[in-house]
Amino acid sequence: MVTRLEQLTLGAAVRGVLPDDAVTVVSVQWYGSEAVELTYKDSTGRVGNVLLYRDDEARLELVKEGRPWSFDADGTLFRLVSEAHRIRLAYLFDPLLAVHTSLVEPLPHQITAVYEAMLPRQPLRFLLADDPGSGKTIMAGLLIKELLVRGDVQRCLVVCPGSLVEQWQDELYRRFHLPFEIATNDKVEAARTGNWLLENDLVIARLDKSARDESVQAKLAATECGWDLVVVDEAHKMSATFFGGEVKYTKRYRLGQLLSGLARHFLLLTATPHNGKEEDFQLFLALLDGDRFEGRFRDGVHQVDVSDLMRRMIKEQLVKFDGTPLFPERFAHTMPYRLSDLEARLYKEVTDYVRDEFNRADALDDEKRAGTVGFALTILQRRLASSPEAIYQSLRRRRERLEKRLRELELLQRGATVPSPVPSPALDQEEIEDLEDAPEQELEKAEAEVLDQATAARTIEELRAEISTLKRLEALAQVARRSGEDRKWRELADLLETIFTRAAFQGHVREEPPSYGEPPRPVASPHQKLVIFTEHRDTLNYLSERIRTLLGRADAVVTIHGGMGREERRKAQEAFLYDPNVRVLVATDAAGEGINLQRAHLMVNYDLPWNPNRIEQRFGRIHRIGQTEVCHLWNLVAIETREGDVYHTLLKKLEEARNALGGKVFDVLGKLQFEGRPLKELLIEAIRYGEQPEVRERLTRAVEGALDLQRLQDRVEERVLAHEVIDEPRLRRIREDMEREEDQDS
């Protein structure tokens, strides 16, 4: 609306006289009817004078006559600004702001971890070591959001194994609205500034890649690329070890040292902080406080109280706000079975081949190549134990690839006087260990390459001999595959019939009944849901087809494996959880990390992992927050096989320990050491030397010693760690504080 010169009266507020300010009219002097001399005062009190004509009326705006300090801004924008300012200061009035602005319903132990154990520490140097399934991702997300809204954190880096990066990204966005970006190779290389990490404030990075790639470490350590908070998931993978009086620093540990020095706040997350060696634990804590824990370990000298640096809560001690246990009971059952004569012959022939190739690999001068061949042979042995389908396909692919290699070598050496050695891929020990934490698709690709190409053959003649052996084994596997004598599948089929109906299969009789211990069997019901874990894609396809046929419905089974995209995997998970027609999920370990399956309470380990920590992780997919049913796990194990006998001894001792210690025994599986060695080494020794009675006796002694009740009790109690229990008075105080804050918000 145009303001006329006649409207410029004493005390009026006018815009358009000055470019960016309203003025107050002090006096008006007319010159005829077309011009006025305006004397005004601006917002700072300074007086000015200007001559205005009729042509100037278009730019003049009368704010309000007689109200020089009136508010004429956009009310909606003002409300947004004031609301933003209120939110910025909200933590002063709402101590649980992150809780009330996130899609979470936190539990007592999560509230105490974030608001009592971590937030008051400035700067934060902390190890959160609660049991698996307690919701450490939620606790970390609450901490990150709380520090962000308080203005204490702007740049945050989450470092985790490659198989968990997508889970972290999904959880942080879905629950806390935090838009973290994953640092992929493509993004890092295409950065506008040359340092993608500098361009993004909220970043998720892969632990294995960051530890191996020096260029990534250089970008992390750039002067202008400071981090307010660094969170490391599965932080125990950053451990170093004392061996022979010397410290062995891994690349991951060096990365931990780098991140510790870069970050103002440094948070480590792990459910297994202690591997049973006090000196290694002290080295691990040095990442948080080098002044206290760095240096040569001396028993009795470095024993210190670590309660100010860490918190650990045991699963069985966690409670809801009403004081009832958070987790139901859980039981594991061993299902031993014997191989058929044909399967036993195949097992012996393949195991002899693996043993002979191991011995040939040991004779190689190249340590990396020998280790890679050993890695390939362990893959083959595990696929032998998985299913006739898996070992047949593996032998066939290995034979075809080695035949292709042979043809290439024969072509290259045609006419040559001196034969050259047979080339073979080579990985060092740390690269092999990194593969365990890689995304499953990447692991499968590496395993396929190594299994199909790594060979101990040094000459063309040796390669021809190995191919001849593989042809014979492949033919034997094909016979076993077509015979229908798959005893392991029969055990599973019998269990499926027992779980889903009340009648058992005719003719499917166990040679040895399963041990159920003290608890009763689960009640048979056609509406239950079951998760079956296998380690190999060939076995997954084999099982899914056979189970569909058994249940008579194609839609009764869904699968999850590492080759599926994120969206495809999510759809399979939702179908299993919410579709009443879906009864069984067959999955590889892609579902063992980062996928919550608590709608099911029954699980089968069709393939037993060589790392017992995987059993703990798998069981944790169903035995987690939100589970209301007693959980049951069945472990299938072939007795009278070399590695099967070792595992059978382990499982029997585990059942005995469970009867004495309860479900807590499952939480120490990942911490077990067998005379200072991991289970994988015992299984390899059984395969290579298991025919020797003294070796079998030594292996049995090692397993029984590791599962000695007193030793397990010490593991469960973790006397060297910082325990915390939420008793009734403390729980009542937390509940009252939560209710008080909710009343204020409403």
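Use the structure listed above.
Small disclaimer: the values here were computed from a predicted structure and weren't measured.

Examining unusual backbone geometry
Phase 1 of the analysis: Residue Pro123 is bonded to the preceding Gln122 through a cis peptide linkage, with omega at -5°.
Phase 2 of the analysis: With respect to the secondary-structure elements, Pro123 resides in the loop between α3 (108–118) and β6 (125–128).
Phase 3 of the analysis: The phi dihedral of Glu234 falls on the positive side, at around 50°, and the residue is not glycine.
Phase 4 of the analysis: Considering the arrangement of structural elements, one finds Glu234 in the loop between β10 (227–232) and β11 (241–243).

Points about helix α22 (residues 613–622)
Each full turn of the α-helix corresponds to 3.6 residues, which orients residues three or four apart in the same direction.
Phase 1 of the analysis: The buried fraction of α22 is high, at 10 of 10 residues.
Phase 2 of the analysis: All of the buried residues along α22 are Asn613, Arg614, Ile615, Glu616, Gln617, Arg618, Phe619, Gly620, Arg621 and Ile622.

A closer look at the pattern of salt bridges
Phase 1 of the analysis: If you walk through the whole model with that rule in mind, you get 47 salt bridges.
Phase 2 of the analysis: Here Asp208 makes a salt bridge to Arg206, at a shortest N to O gap of 2.7 Å.
Phase 3 of the analysis: Residue class for Asp208 comes out buried when judged on its relative accessible area of 2%.
Phase 4 of the analysis: For Arg688, the salt bridge is made with Asp362, and the minimal N-O distance between the two is 2.5 Å. Taken together, the residues span a long stretch of sequence, with Arg688 in helix α24 (residues 679–689) and Asp362 in helix α13 (residues 341–362) at a distance of 326 residues.

Concerning the packing of helix α14 (residues 367–386) against helix α15 (residues 388–412)
Phase 1 of the analysis: Packing of α14 against α15 leaves a shortest axis separation of 7 Å and a crossing angle of 145°. Residues Leu380, Arg383, Leu384 and Ser386 of α14 pack against Ala390, Ile391, Ser394, Leu395 and Arg397 of α15.
Phase 2 of the analysis: Residues of the contact of α14 with α15, tallied by class, amount to 5 nonpolar, 2 polar and 2 charged.

Re helix α11 (residues 278–285)
Phase 1 of the analysis: Among the 8 residues of α11, 7 are classified as buried, and the element is accordingly described as predominantly covered.
Phase 2 of the analysis: Of the positions making up α11, those classed as buried are Glu278, Asp280, Phe281, Gln282, Leu283, Phe284 and Leu285.

Describing the pairing of strand β16 (residues 530–533)
Phase 1 of the analysis: Residue alternation in β16 divides its side chains into two sets, Leu530 and Ile532 and Val531 and Phe533, and both sets are buried.
Phase 2 of the analysis: Here 4 bridges tie β16 to strand β18 (residues 584–587), and the two strands are oriented parallel to one another. Within β18, the position partnered with Phe533 by the bridge is Ala587.
Phase 3 of the analysis: Across 4 bridges, β16 lies against strand β19 (residues 602–605) in parallel orientation.

Some thoughts on the sheet that holds β19
Phase 1 of the analysis: Pairing is parallel in the open sheet, where 6 strands are placed in the order β15-β20-β19-β16-β18-β17. Only two strands of the sheet have a single neighbouring strand rather than two, namely β15 (330–337) and β17 (557–560). Adjacent strand axes in the sheet meet at a mean angle of 20°, parallel and antiparallel pairs treated alike.

Thoughts on a nonpolar patch on the surface
Phase 1 of the analysis: Residues Tyr31, Leu51 and Tyr53 make up a contiguous nonpolar surface patch of about 310 Å² in total accessible area.
Phase 2 of the analysis: Along the chain, the position of Tyr31 falls in strand β2 (residues 21–31).

Notes on the side chain of Glu643
Phase 1 of the analysis: Summarising the element assignment, Glu643 is placed in helix α23 (residues 642–661).
Phase 2 of the analysis: At 6.9 Å, Arg642 is the nearest oppositely charged side chain to Glu643, a buried residue that forms no salt bridge.
Phase 3 of the analysis: Apart from residues no more than four positions distant in its own chain, Glu643 is found in contact with Tyr347, Gln381, Ala385, Leu683, Ala686 and Ile687.

What counts and what doesn't
- Residues numbered from 1 in each chain as written.
- Predicted model: local features only at pLDDT ≥ 70, side-chain atom pairs only at ≥ 80, totals over all residues.
- Heavy atoms only, no water.
- Helix = DSSP H or I, 4+ residues; strand = E, 2+ residues; numbered from the N terminus.
- Buried < 20%, exposed > 50% of the residue type's maximum accessible area, 1.4 Å probe, protein only.
- Salt bridge = Lys/Arg side-chain N within 4 Å of Asp/Glu carboxyl O.
- Axes fitted to C-alpha atoms, helices over the stretch in contact; angles between N-to-C directions.
- Contact = heavy atoms within 4.5 Å.
- Nonpolar A, V, L, I, M, F, W, Y, C, P; charged D, E, K, R; others polar.
- Pairing = 2+ DSSP bridges.
- Patch = residues over 30% accessible without salt bridge, like charges linked within 9 Å, V, L, I, M, F, W, Y side chains within 5 Å.
- Areas by Shrake-Rupley, 256 points an atom, 1.4 Å probe, with all protein chains shown as cover.
- Lys, Arg positive; Asp, Glu negative; His and termini not counted.

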